[in-house]
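# Remarks on the overall topology
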Amino acid sequence: MQWCNQERFDIRLEWGPTAISYAARDVQCIVIVDVMSFSTCVSLAVDKGAQVYPYPWKDASALEYANSIGAQAASFGRISDAAGFSLSPASIQKITEGEKLVLPSPNGSAISFLARDRGAGVTVFSGCFRNLTQTAMACRDFERILVIPCGERWPDGTLRPAIEDYTAAGGIIAAIGRDRCSPEAKGAVAAWQQLHLVSLRECSSALELQQRGFPDDVDLCLDLDGAKRVCQLQGDFYASVSGRG
């Protein structure tokens with residue numbers, strides 16, 4: 001399916017897990033963008049010096065995996081107990097240096113697994129608004145880059161394109177500063193240039209979090225360039241990489 005691989009362009013963009021199958025051929029770098037909330041949780045954790053192990057399944061196997069590597073598993077929902085972590089970015093703020101966290105997620109984590117399995121030679125970053133510029137600066141070392149807005153899921157399990165992921169992806173692409181971008185990538189840049197972060201407080205994902213009682217999560221997810229570190233997948237876990245000034 002050569003018509004969908006965007007191989008003529010240095011910077012490519014495609015949605016969700018199937019992007020790995022159809023648009024990742026010959027790329028040197030993959031950026032996974034899941035703003036609300038996987039990528040924001042990863043950024044908050046690695047900024048504190050923690051390691052985040054993405055895990056694609058929300059079931060007992062996540063707990064078994066965490067035990068096998070001496071890590072703590074985040075709760076499967078957004079609510080955690082007072083001492084635990086979840087996909088709520090607010091819960092990640094109390095993580096400490098050196099902690100190991102298994103973070104189950106059907107979007108960001110699952111795509112991280114697929115990207116990792118592309119094999120040696122592909123560098124994988126987790127990007128969001130709070131590490132937008134730092135991620136873009138790290139990407140400048142690579143010639144061919146695929147940016148993947150993860151999107152969310154409808155109740156029937158199908159992909160729901162998420163405007164916050166698309167906009168953050170466009171911001172990263174714009175900050176990389178390349179001319180040879182696919183039309184898909186250019187469309188995301190246009191979204192970044194036209195939308196203001198304040199307007200994203202009324203997007204579907206943000207409204208869902210607010211209605212579920214997590215307004216602080218929305219604030220953390222829309223915090224532009226608040227991070228000091230780049231989040232790079234190093235084997236099985238995301239860890240901090242010093243940003244570049």
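Residues numbered from 1 in each chain as written. Predicted model: local features only at pLDDT ≥ 70, side-chain atom pairs only at ≥ 80, totals over all residues. Heavy atoms only, no water.

## Here we look at the overall build of the chain
Along its length, the chain carries 10 helices and 11 strands. For 245 residues, the compact-globule estimate of 2.2 N^0.38 gives 18 Å, and the chain sits close to it at 17 Å. Its C-alpha atoms put the chain at 50 × 40 × 40 Å along the principal axes. Residues counted as buried form 53% of the 245 residues belonging to the chain. Put simply, 73% of the contacts in the chain that link residues at least 6 apart link residues at least 24 apart. With the model as given, the accessible surface of the chain reaches about 10600 Å², and the carbon-plus-sulfur share is 50%. The chain carries 23 positive and 28 negative side-chain charges, and their two centres are separated by 4 Å. (Helix = DSSP H or I, 4+ residues; strand = E, 2+ residues; numbered from the N terminus. Rg over C-alpha atoms; globule rule 2.2 N^0.38 Å. Buried < 20%, exposed > 50% of the residue type's maximum accessible area, 1.4 Å probe, protein only. Contact = heavy atoms within 4.5 Å. Areas by Shrake-Rupley, 256 points an atom, 1.4 Å probe, with all protein chains shown as cover. Lys, Arg positive; Asp, Glu negative; His and termini not counted. Charge placed at Lys NZ, Arg CZ, Asp CG, Glu CD.)

## Observations regarding the nonpolar core
In this structure, Val 31, Val 33, Val 35, Phe 125, Ile 145 and Ile 173 are the most contacted members of the largest nonpolar core, which totals 38 residues. For this core, the element with the most residues is helix H7 (residues 163–176), which contributes six residues. Once residues lying within four places of it in the same chain are set aside, the contact partners of Val 31 are Phe 125, Gly 127, Thr 135, Cys 139, Ile 145, Leu 146, Val 147, Ile 148 and Ile 172. Among the nonpolar cores identified, the runner-up in size contains 32 residues, and Ala 23, Ile 30, Ile 92 and Ala 115 belong to it. (Core = buried A, V, L, I, M, F, W, Y, C linked by side-chain atoms within 4.5 Å.)

## Here we look at the pairing of strand E6 (residues 123–127)
Put simply, side chains in a regular strand alternate between the two faces of the sheet. The buried count for E6 comes to five of five residues, which makes it a mostly enclosed element. Neither face of E6 is open: one carries Thr 123, Phe 125 and Gly 127, the other Val 124 and Ser 126, and all of them are buried. Here strand E2 (residues 29–33) pairs with E6 via five bridges, running parallel. By the bridge assignment, Val 33 is partnered in E6 with Gly 127. (Pairing = 2+ DSSP bridges.)

## What about H7?
Taking 1.5 Å per residue as the helical rise, H7 with its 14 residues ought to reach 20 Å, and the 20 Å between its terminal C-alpha atoms agrees with that figure. Along H7, the residues that are buried comprise Glu 164, Asp 165, Tyr 166, Thr 167, Ala 168, Ala 169, Gly 170, Gly 171, Ile 172, Ile 173 and Ile 176. Downstream of H7 by one or two residues, Gly 177 has phi in the positive range, about 80 degrees. (Expected span 1.5 Å × (residues − 1).)

## Brief notes about helix H8 (residues 183–194)
With 12 residues, H8 should cover 16 Å at 1.5 Å per step; its first-to-last C-alpha distance of 16 Å lies within 8% of that length. Packed against the buried residues of H8 are strand E1 (11–13) and H7.

## Some points on the packing of helix H6 (residues 132–139) against H7
To characterise two packed helices, one gives the angle between the axes of the helices and the distance between these axes. Viewed as axis vectors pointing N to C, H6 and H7 meet at an angle of 50 degrees, and their least axial separation amounts to 8 Å. When the axis of H6 is compared with that of H7, the two are oblique. Between H6 and H7 lies a crossing whose hand is right-handed. Facing H6, whose interface residues are Leu 132, Thr 135, Ala 136 and Cys 139, H7 presents Ala 168, Gly 171, Ile 172, Ala 175 and Ile 176. Partitioning the contact of H6 with H7 into residue classes produces seven nonpolar, two polar and no charged. (Axes fitted to C-alpha atoms, helices over the stretch in contact; angles between N-to-C directions. Parallel < 35°, antiparallel > 145°, perpendicular 65-115°, else oblique. Left-handed = near helix turned anticlockwise from the far one by under 90°. Nonpolar A, V, L, I, M, F, W, Y, C, P; charged D, E, K, R; others polar.)

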